[in-house]
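Fold and contact review
The primary structure of each chain is shown beneath.
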Amino acid sequence: MKRLAIGILAHVDSGKTTLSEGMLYRSGEIRRLGRVDHGDTFLDTHALERQRGITIFSKQAMLRLPELEITLLDTPGHVDFSAEMERTLQVLDYAILVISGTDGVQSHTETLWKLLKRYSIPTFLFINKMDLSGTDRHALLTELKERLSSAIVDFSAGEKDDAFYEQAALCEESLLEEFLENGTVENASICRAIIRRKLFPCWFGSARKLEGVDEFLAGLEQYTEAPRYPESFGAQVFKIAVDEQGARLTYLKVTGGVLKVRTQLSYRNQAGETVSEKISQIRIYSGHKFQTVDCAEAGSICAVTGLSQTQCGTGIGVAGGAMQPVLEPVLTYRLIPPAEVDAVMALEKLRILEEEDPQLQIIWNSRLGEIHVQLMGAVQLEILSRLIAERFGMEVQFGKGSIAYKETIAAPVEGVGHYEPLRHYAEVHLRMEPLPRGSGLQFCTDCREEILDKNWQRLVLTHLQEKTHLGVLAGAPITDMRITVVSGKAHLKHTEGGDFRQATYRGVRQGLRMAESVLLEPWFSFRLEVPSEQVGRAMSDLQRMDAVFTSPELQGDMSVLTGRAPVSAMQDYAGEVTAYTQGRGRLSCMPDGYDRCHCTEEVLAEIGYDPDHDTENPADSVFCSHGAGFLVKWDEVPLHMHLPYQKDIQEESEEDFAVPVSRGYSGYGGSLAEDKELMAIFERTYGKIRRDERSALHTQREVAAEVQKAVPQKLGKEYLLVDGYNIIFAWDALKKLAEENLEAARHRLIEILENYQGIRRCELIVVFDAYRVKGNPGSSEQAGNIHVVYTKEAETADTYIERVTHELSRDYRVRVATSDRLEQIIILGNGAYRMSASEFYEEIRQTDREIQEFIQNEALRAKQIGAGGIRYAGISENQKHDA
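Please read these numbers as outputs of a predicted model, since none were measured by experiment.

**Looking at the overall build of the protein**
Secondary structure summary: the protein contains 28 helices and 40 strands in total. Expressed as a percentage of its 883 residues, the buried residues of the protein come to 52%. Residue pairs in contact within the protein that sit at least 24 positions apart in sequence constitute 70% of those at least 6 positions apart.

Structure (structure tokens):
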């Protein structure tokens, strides 16, 4: 016997539950037909469902045919409970899509069709309510082919004739070849085409009157095939619930092997930790009743007890995790508990409901001390309040609803988090990259184990996944990003697990503060039908909503507009359409994910979020100095971090970053172009760009352009400023001499600089610190052709050089030789060129070689000329002087 899991889906009020009732009745599973309006259907077992006349919770029933055993999964039809429906799709072998014959394809019908396509579920269609007046079978079939798929074929006719096989053959090339060769198409070929979603069988009937139900059941038995499952055990969790006694139930589908009672199962919980627990009971539900079994074979849908940390989407054994859901809540409400109930205690109870329905997102706003709930709509809000009262005895109220926003970033960035209070240590570097809309968050690692041990990397990934990270624009959750661990550092003695938690959280936040953030809002894809004479009004309304839509399409006396629009602008528009078209117009809206907010500034002004005052989500890092930790602001972290930036944040050619330099000096190698990191720090800290304060960093290409503007290429006189003591202690020979006699090292450096200046012919100023000499007024002296400056009290060489470069760089080309990193940044901002101590040392060596070469050439020339003395033909006046 074939064993299949088949789900039944529909737009609300299409007769889905009535069809389920008819299928159970005609297969002999129930003895009498229940009715939704009487509140006695087999599957709507909850009191709220019977009162409202809608399905709220997905349930299952066992249905047995001569050659087929079906686990029928009834799903909610109302759009507010679509998340419950979508979770069920992940365990289906086939789906039944019910469409009302009086309403045709409706907005939620198209949403369901897209979801069935996304999850690759073979689908059967049942067109219901064909007994009512006004239904047109031919018109409905035409609409189905136009709105859903041209591969929908009517199977409800009695005998299969040539016309039927011809319609089926047109759905796929292999079927057409078979039909042309044999004049017919085998059932097995049709089954395979259905499985590949190349053909969609369709039946017409009336579930309430049981018309077409028997033929539909026969079609399910004839045109389905059982999947092949692996021998290794696997299971997919799709629902969490509690029974009447409070026992936790994990609903799952066995996707391989056999599940037995007392089996020890290992799986990963929400925190990413491996959990091993034993199955204590296996239940097969049918309606509200169940029977316990000792084992469940592959393909079975069952509920088990004994698993305490499973969640919707958990994969066990060989089964992989669930796909990221498409449908998400778009509205946020403030939940107000009763005065006598503490908000924190209420939050703990609400977490139980969140576990059962992950799309019911419970958010604790610690800054305001409030509970916020994200929902799909007003009907779900009403049901939730009733459910909370029933389960926990709390009569809660809700504030005014608002749109649930999200945030992402516009360009790649590297976030750094450092946590180093006394006897703690962790540093994490995270590359954050934007992904296409709807991708969600992805976490991975691209870090060598010799840099950061694999165990620490796994811990960082765990901390990335365990928390809902908030953005810096509106404090909304982030999405559509790939966050990669690219570097990190631990201490052999002082690092603990909690240190990397703090570093990871701060690294994400710091990256967001550095990046250009983008506010996202939910959007609808819509289909608007209005009388042609009112299409102008409709287009004007859509433009006012910032909608994106196509040109009107004429269909008889109606015009059809399709496109996308923000939910905030269109959520109440259906009532307006009905009013100004006197009921002739129809608006169909489907959730279409998140996209850039159409009114960012207004939204942010209304929300008033300040990331600097969000103490729960700090972007600053903690460093240690002199035995105590101190806080470093997020924008100053790059100046203190212990590891360098990774160079592959954004793959661009070196030419994109090249900053032209004057070729008047042959030894200067253009280090600005090579140091992208320094350019980024300069642009972020000292750039002259006026931009949104929330966007703290431009792209690397923009940085290069701004650096080029900030460092103009000047001709004429060149100044070289040398940080004396910095160079002395950077050069090994001078450093060794300074350890014995600092005065001798200073004089030796001056001699070297005199020789250098004689060849390079620049204005050279060497600056020595004297700021610690009490009462020192500062002094300067001439040593050969160079200027020697001793700074005054309380003025460092750095300060003097910064001031002088600022003044000189307006009119002259200025270079500074120093290895002080912070000073290099400031020099760059002042419009001067920077040169490290090692680069300057290479220039000195090159100068020495040129002097030696010149002396050797002149000695050779003098020897050739003889007693006539040295002749200076072809030598400049400066070279004569040097010689």
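Having seen the model, we can carry on.
**A short note on the sheet that holds strand S2 (residues 59–65)**
Taking strand neighbours across the sheet as the criterion, the 7 strands line up as S2-S3-S1-S4-S5-S7-S6 in an open arrangement whose pairing is mixed. Either end of the sheet is taken by a strand with one partner, and the two such strands are S2 and strand S6 (152–154). Between one strand axis and the next, the sheet turns through 25 degrees on average, direction left out of account. Direction of pairing for strand S4 (residues 94–100) relative to strand S5 (residues 123–128): parallel, over a ladder of 6 bridges. When the sheet's bridge partners are listed, Ile 99 is paired in S5 with Ile 127.

**What about unusual backbone geometry?**
Despite not being glycine, Arg 197 shows a phi value in the positive range, around 60 degrees. With respect to the helices and strands, the residue Arg 197 is situated in the loop between helix H8 (187–195) and strand S7 (200–204). Positive phi, close to 55 degrees, is recorded for His 626, a residue that is not glycine. The topology assignment puts His 626 in the loop between strand S33 (621–625) and strand S34 (628–632). Looking at His 626, the relative accessible area reads 84%, which means it is exposed.

**A word on the packing of helix H10 (residues 343–356) against helix H11 (residues 378–392)**
At a closest axis distance of 11 Å, the pairing of H10 and H11 adopts a crossing angle of 120 degrees. Compared by their axis directions, H10 and H11 come out oblique. Two packed elements cross with a definite hand, and for H10 against H11 that hand is right-handed. Contacts between H10 and H11 involve Lys 349, Leu 350, Ile 352, Leu 353 and Glu 356 from the former and Leu 384, Leu 387, Ile 388, Arg 391 and Phe 392 from the latter. Per-class residue counts for the contact of H10 with H11 are 7 nonpolar, no polar and 3 charged.

**Examining the layout of surface pockets**
By volume, the second largest pocket amounts to about 1,100 Å³. Forming the boundary of the second largest pocket are 42 residues, of which His 46, Phe 57, Lys 239, Ala 241 and Val 242 lie nearest the centre. Those elements that place two or more of their residues in the lining of the second largest pocket are helix H2 (47–52), S2, helix H3 (82–89), strand S8 (234–242), strand S9 (248–256), strand S13 (281–286), H10 and H11. When residues of the lining of the second largest pocket are assigned to their parent elements, the largest contribution, 6 residues, is made by H11. When grouped by side-chain class, the residues that make up the lining of the second largest pocket number 20 nonpolar, 9 polar and 13 charged.

**Some points on the sheet that holds S13**
Overall, antiparallel pairing links the 6 strands, which are arranged S14-S13-S16-S9-S8-S17 in an open sheet. Edge positions in the open sheet fall to strand S14 (289–293) and strand S17 (315–317), since each of these has one partner strand only. Between one strand and the next, the sheet's axes are offset by a mean angle of 40 degrees, whatever the strand orientation. With 4 bridges connecting them, S9 and strand S16 (residues 301–305) associate as antiparallel partners.

**Concerning the pattern of salt bridges**
Enumeration over the complete set of coordinates arrives at 39 salt bridges. A salt bridge links Glu 529 to Arg 586; its shortest N-O distance comes to 3.5 Å. With Glu 529 in strand S28 (residues 517–531) and Arg 586 in strand S32 (residues 586–596), this residue pair connects regions lying 57 residues apart in the sequence. Arg 586 sits in the partly exposed class, given a relative accessible area of 31%.

**Structural notes on helix H1 (residues 16–26)**
By the criterion of burial, H1 is predominantly enclosed, with 8 of the 11 residues buried. If you check which residues of H1 are buried, you get Lys 16, Thr 17, Leu 19, Ser 20, Glu 21, Gly 22, Met 23 and Leu 24. Phi turns positive one or two residues past the end of H1, at Gly 28, with a value near 90 degrees.

**Remarks on the side chain of His 429**
With respect to the helices and strands, His 429 occurs in strand S25 (residues 426–434). A distance of 2.8 Å separates a polar atom in the side chain of His 429 from a polar atom in the side chain of Glu 414. With sequence-adjacent residues up to four places away left out, His 429 is seen in contact with Glu 414, Gly 415, Val 416, Thr 484, Val 485, Val 486, Ser 487, Met 641, Leu 643, Pro 644 and Tyr 645.

**Describing the nonpolar core**
Ranked by size, the top nonpolar core spans 79 residues in total, and within it Met 23 and Leu 125 carry the most contacts. Among all residues touching Met 23, those that are not within four sequence positions of it are Leu 63, Leu 72, Ile 96, Val 213, Phe 216, Leu 217 and Leu 220. If you look at the next biggest cluster of nonpolar residues, it comprises 55 residues, including Ala 474, Ala 547, Tyr 573 and Leu 587.

**Quick notes on the pairing of strand S24 (residues 413–419)**
Of all 7 residues that make up S24, 7 are buried, and the element is covered over most of its length. Burial along S24 is two-sided: Val 413, Gly 415, Gly 417 and Tyr 419 and Glu 414, Val 416 and His 418, pointing in opposite directions, are all buried. In terms of strand pairing, S24 meets S25 through 7 bridges, oriented antiparallel. When the bridges of S25 are listed, Val 413 appears paired with Met 432. If you look at the hairpin formed by S24 and S25, you'll find 6 residues sitting between the two strands, and Arg 423 has a positive phi there, around 70 degrees.

**A short note on a negative patch on the surface**
A cluster of like negative charges, contributed by Glu 159, Asp 161, Asp 162 and Glu 166, occupies part of the molecular surface. With respect to the helices, strands and loops of the structure, Asp 161 is situated in the loop between S6 and helix H6 (162–169).

**Some points on the environment of Asp 610**
Counting through the fold element by element, Asp 610 comes out in the loop between helix H17 (600–607) and S33. The class of Asp 610 is partly exposed, set by a relative accessible area of 32%. Measuring from C-alpha to C-alpha, the distance between Asp 610 and Leu 473 comes to 7.7 Å, with 137 residues separating the pair along the chain. Here the side chain of Asp 610 touches Asp 612 through a polar contact of 3.1 Å, landing on its backbone nitrogen. Looking at Asp 610, its side chain comes within polar contact range of the side chain of His 613, at 2.5 Å.

**Overview of the packing of aromatic side chains**
Aromatic ring pairs are reported here in terms of the distance separating the ring centres and the angle at which the planes meet. Throughout the structure, instances matching the rule amount to 21 aromatic pairs. For the pair Tyr 573 and Tyr 580, a centre-to-centre distance of 6.4 Å together with 50 degrees between the ring planes defines the contact as tilted. Here Tyr 573 and Tyr 580 have matching classes, each one buried. For the ring pair Tyr 725 and Phe 768, a centre distance of 5.1 Å and an interplane angle of 65 degrees mean the geometry is edge-to-face.

**Remarks on helix H4 (residues 107–118)**
The terminal C-alpha atoms of H4, which comprises 12 residues, lie 17 Å apart, in line with the 16 Å expected from a rise of 1.5 Å per residue. Among the residues of H4, those classed as buried are Ser 107, His 108, Thr 109, Glu 110, Thr 111, Leu 112, Trp 113, Leu 115 and Leu 116. Of the residues flanking the end of H4, it is Ser 120, one or two places downstream, whose phi is positive at about 55 degrees.

**Notes on the confidence of the model for the protein**
With 87% of its residues at a pLDDT of at least 70, the protein reaches an overall mean of 82. Scored below 50 in pLDDT, residues 684–715 shows 78 contacts in the model against residues more than four places distant or in partner chains. When the criterion is pLDDT under 50, residues 867–883 qualifies, and its contacts beyond four places in sequence or with other chains add up to 16 contacts.

About the criteria used
- Residues numbered from 1 in each chain as written.
- Predicted model: local features only at pLDDT ≥ 70, side-chain atom pairs only at ≥ 80, totals over all residues.
- Heavy atoms only, no water.
- Helix = DSSP H or I, 4+ residues; strand = E, 2+ residues; numbered from the N terminus.
- Buried < 20%, exposed > 50% of the residue type's maximum accessible area, 1.4 Å probe, protein only.
- Contact = heavy atoms within 4.5 Å.
- Pairing = 2+ DSSP bridges.
- Axes fitted to C-alpha atoms, helices over the stretch in contact; angles between N-to-C directions.
- Parallel < 35°, antiparallel > 145°, perpendicular 65-115°, else oblique.
- Left-handed = near helix turned anticlockwise from the far one by under 90°.
- Nonpolar A, V, L, I, M, F, W, Y, C, P; charged D, E, K, R; others polar.
- 1 Å grid on protein atoms, 1.4 Å probe; cavity = no way out; pocket = protein on both sides within 12 Å on 5 of 7 lines; lining within 4 Å.
- Points joined across faces, edges and corners; volume = space filled by probe spheres on them.
- Salt bridge = Lys/Arg side-chain N within 4 Å of Asp/Glu carboxyl O.
- Polar contact = N/O pair within 3.5 Å; in protein donor to acceptor, adjacent residues only side chain to side chain.
- Core = buried A, V, L, I, M, F, W, Y, C linked by side-chain atoms within 4.5 Å.
- Patch = residues over 30% accessible without salt bridge, like charges linked within 9 Å, V, L, I, M, F, W, Y side chains within 5 Å.
- Areas by Shrake-Rupley, 256 points an atom, 1.4 Å probe, with all protein chains shown as cover.
- Lys, Arg positive; Asp, Glu negative; His and termini not counted.
- Charge placed at Lys NZ, Arg CZ, Asp CG, Glu CD.
- Phe/Tyr/Trp six-rings, centres within 6.5 Å; stacked < 30°, edge-to-face > 60°.
- Expected span 1.5 Å × (residues − 1).
- pLDDT = per-residue confidence, 0-100.

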